[in-house]
Amino acid sequence: MNVLEAVAEVLSQAGGPLHYREIAERVLSRGLWASQGETPWATVNARLAVDLTKHGSTSRFVRTAPGVFSLNPLAPPQGSEADAAAKRPQVQENDSAGKLSFTDAAEQILRDCGNREPMHYRAITERALEFDLINSKGRTPAASMYAMILTEIKRNVARGDSPRFVQHGRGMVGLAVWTPSGVARLIEDQNREVRQALLDWARSVRPEEFEQLVGELLVAMGFEEVEVTNITGDGGIDARGTLVVDDAVRIRMAVQAKRWKNNVQSPEVQRVRGSLGAHEQGLIITTSGFSKGARDEATRADAAPVALVNGDQLAALLAEHEIGVRSQHYKLFTLAEGEEGQQ
C-alpha cells in the first residue's frame, strides 16, 4: 500500500478531517505504510499537496484548513487498486516525478502557512525541500526559487496578467490574493514598514535592553509573575513568567531572548530545555529565525515543548501590544447599502 492509499484508509476510518501529523501517526501505528524517512508527517503533507495540485477537484482528498485534510466527497469513484495501477504510470515513491515546480511549491507553502504574511524566499525554499515538494539538483535552490518567482512576476506584468506573487523587498514574497486595495492597502504598507522598523530597532538595542523589552512584551501578552533574570549566571534563561489563560489555565514558562542576526540552531533549543524547572515549558524569542533542526528539536516527541518566536512574529507582537508604537484611528465613510447608484 502506498502512502496516499494509506492516508485514504485512515481518513475513511476517521470519518472526518485530520491534521497531516495525526494522519501520519495513525498510518504508521497501523502498519499501513513503512516510511523510510525521518519526517514521515512531512512526506504525508507533501504527497497530499502534490496530489491536490495535480488532480484539483478530482483528487481523492480536499484541504479543509491549513494542514488539515479530508476525503473529497465530490471525487470520482475510485476503481479497484488493480485497475488504478494499470491506468497510472509506474513511478517509484522517491522519483522526481510528481514534484511541483518551484513557483507552484512556493504558492503551496505560502497558502499552508495560514497567517497570510509574506515569507523570505529562503524560508519558502527550506520548507519546500523539507516537505519534498521540489526536486533540486543545484547547489543554490533558494536562489533558483527567488529567480523563478521574480521572473514569473515580470512575465505576468509584461503580459498584463494578474501576478500570482508580490515582492515585498528584502527577499520577502507574498501572494497577490492577500494584497488589500485602496485605503486598506495603504494602511497595510504603512504597518509593514513600522513592523520592520520595530524589528530593526530591537536588533540594535543592548542585550540587557532587549531582555527588558521581552519582559515588557510578556506582561503585555498576559504573563504574570514576570521576572527578568540577571545577565550572567542565568543558565540560558533570560526571563520567567506564568501565562494565564482566561483565569483558568496557568502555564509556567522559561524564556530565552536572542538578539541575533543568524538563525538559532538546535543546540540552543536543547540548552533551554536543559534549563527548565519542574513543570516549566520553554520559549525562545529571537530577532532572527530558526533552522530546520531547531524547529524539529522544539517539537521533538517525548520532550518538554519549546515554543519559538522569530523576528517577524516578534515585530508583529510588539506592534499588536503597542510597544514602541502607537495606533491611530480615523473615521472612514462609505456609502450605505443601496446608495451607491444614487446621484
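In what follows, the structure referred to is the one given above.
To keep things clear, this report deals only with the structure shown in the data block. (Residues numbered from 1 in each chain as written. Predicted model: local features only at pLDDT ≥ 70, side-chain atom pairs only at ≥ 80, totals over all residues. Heavy atoms only, no water.)

1. Quick look at the sheet that holds strand S6 (residues 172–175)
So, point 1. With respect to topology, 3 strands assemble into an open sheet ordered S4-S6-S5, the strand pairing being antiparallel. Edge positions in the open sheet fall to strand S4 (119–120) and strand S5 (165–169), since each of these has one partner strand only.
So, point 2. Both S4 and S6 contribute to a ladder of 2 bridges, which runs antiparallel. Among the inter-strand pairings, His120 is bridged to a residue of S6, identified as Met172.
So, point 3. With respect to the sheet, helix H5 (residues 102–113) is in contact with S4, S5 and S6, its orientation differing from that of S6 by roughly 80°. (Pairing = 2+ DSSP bridges. Helix = DSSP H or I, 4+ residues; strand = E, 2+ residues; numbered from the N terminus. Contact = heavy atoms within 4.5 Å. Axes fitted to C-alpha atoms, helices over the stretch in contact; angles between N-to-C directions.)

2. Structural notes on the pairing of strand S3 (residues 68–71)
So, point 1. Bridge analysis of strand S1 (residues 18–19) against S3 gives 2 bridges, and the strand direction is antiparallel. Bridge assignment links Leu18 to a residue of S3, and that residue is Phe69.
So, point 2. Across 4 bridges, strand S2 (residues 61–65) lies against S3 in antiparallel orientation. Pairing of Val62 across the sheet is with Ser70, part of S3.
So, point 3. Between the antiparallel neighbours S2 and S3 lie 2 residues, among them Gly67 with a positive phi of about 80°.

3. Digging into the pairing of strand S8 (residues 239–245)
Note on strand geometry: in a regular strand, side chains alternate between the two faces of the sheet.
So, point 1. Alignment of strand S7 (residues 223–228) against S8, held across 4 bridges, turns out to be antiparallel. Looking at the pairing, Val228 lines up with Ala239 of S8.
So, point 2. Bridge analysis of S8 against strand S9 (residues 249–258) gives 7 bridges, and the strand direction is antiparallel. For Arg240, the partnering residue across the bridge sits in S9 and is Ala254.

4. Thoughts on the pattern of salt bridges
Note on pairing: side chains with opposite charge can pair once their charged atoms come close.
So, point 1. Scanning the model with the defined rule gives 24 salt bridges in all.
So, point 2. One salt bridge in this structure joins Glu22 and Arg26, with 2.7 Å as the shortest N-O distance. Placement of the pair is Glu22 and Arg26 together in helix H2 (residues 20–29), with a separation of 4 residues, close to one helical turn.
So, point 3. Under the relative-accessibility criterion, Arg26 is labelled partly exposed at 23%.
So, point 4. Residue Glu297 is joined to Arg273 by a salt bridge in which the shortest nitrogen-to-oxygen separation is 2.5 Å. Linking Glu297 in helix H11 (residues 292–298) with Arg273 in helix H10 (residues 266–274), this pair joins segments that are 24 residues apart in sequence.
So, point 5. With a relative accessible area of 11%, Glu297 lands in the buried category. (Salt bridge = Lys/Arg side-chain N within 4 Å of Asp/Glu carboxyl O. Buried < 20%, exposed > 50% of the residue type's maximum accessible area, 1.4 Å probe, protein only.)

5. Considering unusual backbone geometry
So, point 1. Here the phi dihedral of His279 falls at roughly 65°; this positive angle occurs in a residue that is not glycine.
So, point 2. Assignment of secondary structure puts His279 in the loop between H10 and strand S10 (280–286).
So, point 3. Judged by relative accessible area, which is 77%, His279 ranks as exposed.
So, point 4. At Glu322, a residue that is not glycine, the phi angle is positive and equals roughly 55°.
So, point 5. Looking at Glu322, the relative accessible area reads 43%, which means it is partly exposed.

6. Focus: the packing of aromatic side chains
So, point 1. The final tally for this structure, using the stated rule, is 4 aromatic pairs.
So, point 2. Each ring, one from Tyr20 and one from Trp41, has its centre 6.1 Å from the other, and the planes form 20°; the classification is stacked. In this pair, Tyr20 is assigned in helix H2 and Trp41 in helix H3 (residues 40–55), connecting sequence segments 21 residues apart.
So, point 3. Linked through ring pairs, Tyr20, Trp41 and Phe131 together constitute an aromatic cluster.
So, point 4. In this structure, Arg21 packs its charged tip against the face of Trp41, placed 3.8 Å from the ring centre. (Phe/Tyr/Trp six-rings, centres within 6.5 Å; stacked < 30°, edge-to-face > 60°. Lys NZ or Arg CZ within 6 Å of the ring centre and 35° of its normal.)

7. Regarding the environment of Leu48
So, point 1. Within the secondary structure layout, Leu48 lies in helix H3.
So, point 2. You can call Leu48 buried: its relative accessible area is 0%.
So, point 3. Placed 21 residues apart in sequence, Leu48 and Phe69 show a C-alpha to C-alpha distance of 8.3 Å.
So, point 4. Not counting chain neighbours up to four residues away, the residues in contact with Leu48 comprise Leu4, Val7, Ile23, Phe61 and Phe69.

8. Details of the packing of helix H1 (residues 3–14) against H3
So, point 1. One can describe the packing of H1 onto H3 by two numbers: an axis separation of 10 Å at closest approach and a directional angle of 95°. By the angle between their axes, H1 is roughly perpendicular relative to H3. Taking contact as the criterion, the partners of Val3, Leu4 and Val7 in H1 are, on H3, Val44, Arg47, Leu48 and Asp51.
So, point 2. Tallied by class, the residues present in the contact of H1 with H3 amount to 5 nonpolar, no polar and 2 charged. (Parallel < 35°, antiparallel > 145°, perpendicular 65-115°, else oblique. Nonpolar A, V, L, I, M, F, W, Y, C, P; charged D, E, K, R; others polar.)

9. Considering the layout of surface pockets
So, point 1. Counted as a void, the largest pocket has a volume near 2,000 Å³.
So, point 2. Lining the largest pocket are 50 residues, with Met119, Ala123, Arg127, Asn310 and Asp312 positioned closest to its centre.
So, point 3. The dominant element in the lining of the largest pocket, judged by the number of residues it contributes, is helix H8 (residues 182–204), at 7 residues. (1 Å grid on protein atoms, 1.4 Å probe; cavity = no way out; pocket = protein on both sides within 12 Å on 5 of 7 lines; lining within 4 Å. Points joined across faces, edges and corners; volume = space filled by probe spheres on them.)

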